[in-house]
Amino acid sequence: AQRVTQPEKLLSVFKGAPVELKCNYSYSGSPELFWYVQYSRQRLQLLLRHISRESIKGFTADLNKGETSFHLKKPFAQEEDSAMYYCALDSYNTDKLIFGTGTRLQVFP
Amino acid sequence: EAGVTQFPSHSVIEKGQTVTLRCDPISGHDNLYWYRRVMGKEIKFLLHFVKESKQDESGMPNNRFLAERTGGTYSTLKVQPAELEDSGVYFCASSPTGYNEQFFGPGTRLTVL
């Protein structure tokens, strides 16, 4: 079964500390993985996708097929990074997104 | 350009009543998706329209839920009769053909008392 697991409900760090939000998936085949973010009072929006291999707002995520992981990382957290982060998988056959339960990131000053 | 819009933003109804949620996708987006987040759980897929056709409705919980997209523009999601477990936030998203980033609306928070 296709599944996305985000083991941490809440991650609290101080400004300037490194951040790693964990995401593991189960999927037979070649999935496309995404990170979506929802800032306070804003809508869910795409942060980055594994295919583009880009860094957005200092965040990166590498797809590790051996470990079936797609962890989101940032070397120095900022207060404005505080938000809800969702890892999602897109099955090529269906176009629907399968989400994890989300991790709330709190960055303290 | 306006993003995906949803109406209403909040709805509070009693068990047994009917509620209709509306989603207006970004103009020109053929793909329209409905998702739901129940308190404490993950955002779950409900269904996917391509233009006016239902491409995938595997996530619809039961026959109390009816989605339509007449004319391939806006979509409605009707819950009749509503039950307590239907409470949650209903998200709509849209995307153009061949582009797999989905653009989300602000959501409709449904509370069934």
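Located above this text is the structure these notes cover.
Predicted, not measured: the structure shown is a model, and the values here were computed from it. (Residues numbered from 1 in each chain as written. Chains lettered and ligands numbered in written order. Predicted model: local features only at pLDDT ≥ 70, side-chain atom pairs only at ≥ 80, totals over all residues. Heavy atoms only, no water.)

Draft legend 1. Just the state of the cysteines, in detail. In total, this model carries 2 disulfides over all chains according to the counting rule given. Through a disulfide, Cys23(A) is tied to Cys87(A); the S-S separation comes to 2.0 Å. Note on the Cys23(A) and Cys87(A) pair: the S-S dihedral is about -65°, so by sign convention the disulfide is left-handed. Highlighted residues: Cys23(A) in the loop between strand E3 (19-21) and strand E4 (24-26) and Cys87(A) in strand E9 (residues 83-90), separated in sequence by 64 residues. On the accessibility criterion, Cys87(A) (0% relative accessible area) is buried. Here Cys23(B) connects covalently by a disulfide to Cys92(B), the sulfurs 1.8 Å from one another. Disulfide Cys23(B)-Cys92(B): torsion about the S-S bond near -60°, hence left-handed. With a gap of 69 residues between them, Cys23(B) in strand E3 (residues 19-24) and Cys92(B) in strand E9 (residues 88-95) connect regions that are remote in the sequence. Each member of the pair, Cys23(B) as well as Cys92(B), is classed as buried. (Disulfide = S-S within 2.5 Å. Helix = DSSP H or I, 4+ residues; strand = E, 2+ residues; numbered from the N terminus. Buried < 20%, exposed > 50% of the residue type's maximum accessible area, 1.4 Å probe, protein only.)

Draft legend 2. Structural context of the packing of aromatic side chains. Scanning the entire structure with this criterion turns up 12 aromatic pairs over all chains. For the pair Phe99(A) and Tyr35(B), a centre-to-centre distance of 5.7 Å together with 85° between the ring planes defines the contact as edge-to-face. Of the two residues, Phe99(A) sits in strand E10 (residues 97-99) while Tyr35(B) sits in strand E4 (residues 31-37), which places them in two different chains. Looking at Phe99(A), the relative accessible area reads 3%, which means it is buried. Residue Tyr35(B) is classed as buried on the basis of its relative accessible area of 0%. Through pairs of rings, three or more aromatic residues link up here, namely Phe34(A), Tyr36(A), Tyr86(A), Phe99(A), Tyr33(B), Tyr35(B), Phe45(B), Phe91(B) and Phe104(B). (Phe/Tyr/Trp six-rings, centres within 6.5 Å; stacked < 30°, edge-to-face > 60°.)

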